[in-house]
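# Reading the structure
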Amino acid sequence: MRSRLERLSGKVVIVGAQWGDEGKGKIVDLLSADYDITVRYQGGSNAGHTVILGGEKFILHLLPTGILQEGTKGIVAQGMVIDLEVLNEEIEDIERRGIKIRDRLMISDRAHLVLPYHKLLDKLFEKKKGIGTTLRGIGPAYMFKYGRRGIRISDLEDERRAFNLIKDNIEFTRELCEKVYCETFDLNVDEIYEKTMDLYRNIKELVGDVSLFLLNTKESILFEGAQGTMLDIDMGTYPFVTSSNASALGLTNGTGLPPSFFSDAFVIGVSKAYTTRVGGGPFPTELFGEEAERIREWGNEYGSTTGRPRRCGWLDLVALKHAVRVNGLRGIILTKLDVLDNLDEIKVCVAYECDSVNIDYFPASLSLLERCKPVYKVFKGWKKSTRGLRDPDGLPDGAVDYIHFIEEYTGVPIILLSTGPEREEYINLYERAKA
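If you're wondering where the values come from, they're calculated on a predicted model, not measured in any experiment.

## Thoughts on the overall build of the chain
If you tally the helices and strands in the chain, you get 13 helices and 20 strands. In terms of overall dimensions, the chain is globule-like: its C-alpha atoms have a radius of gyration of 22 Å, near the 22 Å expected for 435 residues. Principal-axis analysis of the C-alpha atoms gives the chain an extent of 65 × 50 × 40 Å. In the chain, which comprises 435 residues, the share counted as buried stands at 58%. The long-range fraction of contacts in the chain, counting pairs at least 24 apart against all pairs at least 6 apart in sequence, stands at 76%.

## What to know about helix α9 (residues 289–298)
Taken together, the buried positions of α9 are occupied by Ala292, Ile295 and Arg296. End-on view of α9: buried residues confined to an arc of 105 degrees, all on one side of the axis. Elements in contact with the buried residues of α9: β13 (311–313).

## A few points about helix α5 (residues 159–180)
With 22 residues, α5 should cover 32 Å at 1.5 Å per step; its first-to-last C-alpha distance of 31 Å lies within 8% of that length. When α5 is considered as a whole, its buried residues turn out to be Ala162, Leu165, Ile166, Asn169, Ile170, Thr173, Leu176 and Cys177. When α5 is viewed along its axis, its buried side chains cluster within an angular range of 130 degrees and face the same direction. Residues Arg160 and Lys179 are exposed on α5 and point more than 90 degrees away from its buried face. One side-chain oxygen at the N-terminal end of α5 lies 3.3 Å from the backbone nitrogen of arginine 160; it belongs to aspartate 158. Looking one or two places after α5, you find cysteine 182, whose phi comes out positive at around 55 degrees.

## Some details on unusual backbone geometry
Residue proline 239 follows tyrosine 238 across a cis peptide bond; omega there is 5 degrees. Among the structural elements, proline 239 can be located in the loop between β10 (221–224) and α8 (251–255). In this model, glutamine 227 sits at a positive phi of 55 degrees, which is unusual for a non-glycine residue. In this fold, glutamine 227 is placed in the loop between β10 and α8.

## Regarding the pattern of salt bridges
Inspection of every chain in the model, using the stated rule, returns 28 salt bridges. A salt bridge links glutamate 171 to lysine 167; the nearest nitrogen and oxygen atoms lie 2.8 Å apart. With a gap of four residues between them, glutamate 171 and lysine 167 both fall in helix α5, about one helical turn apart. Salt-bridge contacts for lysine 336 lead to glutamate 301; the nearest nitrogen and oxygen are separated by 3.0 Å.

## Points about the state of the cysteines
Chemically, a disulfide is nothing more than a covalent bond linking the sulfur atoms of two cysteines. Summed over all chains, the structure comprises one disulfide. Two residues, cysteine 354 and cysteine 372, share a disulfide whose sulfurs are 2.0 Å apart. Looking down the S-S bond of the cysteine 354 and cysteine 372 bridge, the torsion is 95 degrees, so its handedness is right-handed. You can see cysteine 354 sitting in strand β16 (residues 345–354) and its partner cysteine 372 sitting in the loop between α11 (366–371) and β18 (373–380), a full 18 residues away along the chain. Judged by its relative accessible area of 4%, cysteine 354 is buried. For cysteine 372, a relative accessible area of 8% corresponds to the buried category. Between cysteine 312, a free cysteine, and cysteine 349, which holds the nearest cysteine sulfur, the sulfur-to-sulfur gap is 16 Å. Cysteine 372 provides the cysteine sulfur closest to cysteine 349, a residue in no disulfide bond, and the two sulfurs are 8.9 Å apart.

So, how was this worked out
Residues numbered from 1 in each chain as written. Predicted model: local features only at pLDDT ≥ 70, side-chain atom pairs only at ≥ 80, totals over all residues. Heavy atoms only, no water. Helix = DSSP H or I, 4+ residues; strand = E, 2+ residues; numbered from the N terminus. Rg over C-alpha atoms; globule rule 2.2 N^0.38 Å. Buried < 20%, exposed > 50% of the residue type's maximum accessible area, 1.4 Å probe, protein only. Contact = heavy atoms within 4.5 Å. Arc of directions from axis to C-beta. Expected span 1.5 Å × (residues − 1). Polar contact = N/O pair within 3.5 Å; in protein donor to acceptor, adjacent residues only side chain to side chain. Salt bridge = Lys/Arg side-chain N within 4 Å of Asp/Glu carboxyl O. Disulfide = S-S within 2.5 Å.

Read these as layout, nothing more, since geometry by itself doesn't imply function.
This is the structure we're talking about:
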């Protein structure tokens, strides 16, 4: 089923333009109907991309969302860290529900593994200094990768090497737990090795050189980012970020493709019509009390991976414009507009007041950002339902004004509105944007 959006480019990139949870899963599922290949290039099972198909919910943690489209190939690229147990469960669950994917799936032999000792360390680090992670071992897996202690999928081809690497890492983790953090340690080398090898054998036939394949293919490609730009390890609210480049900056190292490969890519940012984030860290437009709870309930703002309630706030256009710059966005897809339908007034942040000075850029300094107060523009609520709308002519005037203001502030057109969770609940604004 085609999305009725003309193919934007032979290469399109979908990234989160906020702190994650923007609704990228539905958008990638929708757009991937027009693309031959979809690629996940960073993050791990800390992501949770939700798609509703015929009333049935699919939550994908590692696989690219586009794999749910019949005939679309799925790529798990080298920038990801892979929990083989989660990967196997995800493949089995999708195929059990009648969607055959194994013959359309390829996994990079250069991708690093998440192993039980990474999860143990994640819990320990979170206990000592809470960042608000998903406790799935993602941060420690990247830490081991950049500390040159990581284990790649290709290492599992040599069983003796794999055993020795796991043994060495478990001994290292034991010393860290017992001697530095004074915590007990009960992981067994043989059990972890045997389980890892069994899981690997289940997906061995799917492993290959993803970078070479993508470089040589003539097929159209959609690249799917996880988390969001404001959680990017370099450009987000560090240290309250994820452990990878969750923006378009992660494309080249996450795929092994040269920067020139993406020179003609069409980069799209997905943003909610308001803002949410999970875990700790600064959030200038955060709401509290009844106001926050109302948006949380109307938007069902609970983590698809953790179930944790999300922090909710007004749309932060300073942060969104930062995402436009970092990613080189050429279009924005706005989701959950309908959550605002019943509000009497709607605010958007247009600047920050920091130490009695207004700024319109997103500061790197965490201490400065924590002192920033939002400067708002207030819109009168449109008080009409936009839920499930398919025709732009049906949008209330107030909603149109809201959309136009976002476009004017960011300098980027909104090319699509998501008006509900189902695949077909959207309004195509791309033709209007081109006019």
